[in-house]
Amino acid sequence: MKIKFLHVPKTAGTSVRHFLQMFFLPRHVCPASSNEQFRTLPRERLGSYRLFAGHIDWVDLDQIEGESFTFSILRQPRDRLVSYYFYLRAEGLKLDAVNLAKPERRGMHAALTLSPDDFFCGGGSTEVRKHIDAMFDNFYAYYFAERSFDARRRIRVGVSVSETDLLAKASRNLDRLDGLYSIGNLTLLQEDVIAACGRQGFGRWGALRSRFSPLRDMKLNTGAGSYASRIADLKSLGATHRTFDRIEEMTRLDDVIWKRLAPEHRPRSR
């Protein structure tokens, strides 16, 4: 059994990856955590891995043959978006000027140097804008519709696709998942992982270890503060109604997908 975790940024991915690694030998864990890393790995090596977890396009992971359990995790969209913004700021503060200026750090650089209004509403160069929109603007809808991280760069609602068609395509793809979970209740994910790969071989040891290190207790790479406190922090940074109106627009389609989990926002799996 192979495990394929479609890791949406800021949805407990670091904790989940750490948890999943308990069920596999190190040589069975794909070292790639991004598209760039994944695409440099030789095809013959990819077939030897049993765990794939990272910001990797779903279309690429589909090329890995064999029985698999493919899942993803969602988080309340506005909470995810605001948390991601402050994560970029916190990570950017750890870098010196040279590293912060690198192209791959453009999101961190923008979060630190642009005002919230400019960051969310249109400031920065064209490439910076594309980068921000790709990761912030209704990411769930675009990612699950096209099954790739660069979907927002290639298509756009109202220009190349209708809102109805985008959501319909995302919905069909979500139905293909073996599991869809909420960040607020990961107990079902733990149960499903044990059922999928914790009954034999090294997985049995992982199932035993998970009893003493349950997924719900892992708090790796989590930022401090609640959603309400982060909103207050945004205001202290100078955010006006423009920022908050834009956040609503950037999560409007994702709210439709989030509510698939159930009105109570509980996880769903099949």
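One can find the structure itself at the top, above this paragraph.
Given the structure is predicted, the values throughout are model-derived calculations rather than measurements.

About the cut-offs
Residues numbered from 1 in each chain as written. Predicted model: local features only at pLDDT ≥ 70, side-chain atom pairs only at ≥ 80, totals over all residues. Heavy atoms only, no water. Buried < 20%, exposed > 50% of the residue type's maximum accessible area, 1.4 Å probe, protein only. Helix = DSSP H or I, 4+ residues; strand = E, 2+ residues; numbered from the N terminus. Pairing = 2+ DSSP bridges. Phe/Tyr/Trp six-rings, centres within 6.5 Å; stacked < 30°, edge-to-face > 60°. Salt bridge = Lys/Arg side-chain N within 4 Å of Asp/Glu carboxyl O.

**Let's talk about the pairing of strand 1 (residues 2-6)**
Move 1: The buried fraction of strand 1 is high, at five of five residues.
Move 2: Covered by surrounding structure in strand 1 are Lys2, Lys4 and Leu6 together with Ile3 and Phe5, the residues of both alternating faces.
Move 3: Where strand 1 meets strand 3 (residues 68-74), five bridges bridge the pair, whose relative direction is parallel. Each bridged residue has a counterpart across the sheet, and for leucine 6 the counterpart in strand 3 is serine 72.
Move 4: Here strand 1 pairs with strand 2 (residues 51-54) via four bridges, running parallel. Paired with lysine 4 across the two strands is phenylalanine 52, which belongs to strand 2.

**Overview of the packing of aromatic side chains**
What characterises a pair of aromatic rings is the spacing of the ring centres plus the angle enclosed by the ring planes.
Move 1: What the rule picks out here adds up to 18 aromatic pairs.
Move 2: Here the aromatic rings of phenylalanine 119 and phenylalanine 120 are separated by 5.0 Å at their centres, their planes lie at 80°, and the arrangement is edge-to-face.
Move 3: Overall, the relative accessible area of 0% leaves phenylalanine 119 in the buried class.
Move 4: Residues phenylalanine 120 and phenylalanine 136 carry aromatic rings whose centres are separated by 6.0 Å and whose planes lie at 80° to one another, so their mutual orientation is edge-to-face.

**Re the pattern of salt bridges**
Move 1: Applying the stated criterion to the full structure yields 21 salt bridges.
Move 2: The salt bridge involving arginine 176 is made with aspartate 62; its shortest N-O contact spans 3.2 Å. With a gap of 114 residues between them, arginine 176 in the loop between helix 12 (163-174) and strand 4 (179-182) and aspartate 62 in the loop between helix 4 (58-61) and strand 3 connect regions that are remote in the sequence.
Move 3: Close ionic contact of aspartate 133 with arginine 152 constitutes a salt bridge, the shortest N to O distance being 3.8 Å. You can see aspartate 133 sitting in helix 9 (residues 126-136) and its partner arginine 152 sitting in helix 11 (residues 151-154), a full 19 residues away along the chain. Pair check on accessibility: aspartate 133 and arginine 152 agree, each one buried.
Move 4: When salt bridges that share partners are traced, they join Arg129, Asp133, Asp137, Arg152 and Arg246 into one network.

So yeah, pure geometry; function would need other evidence.
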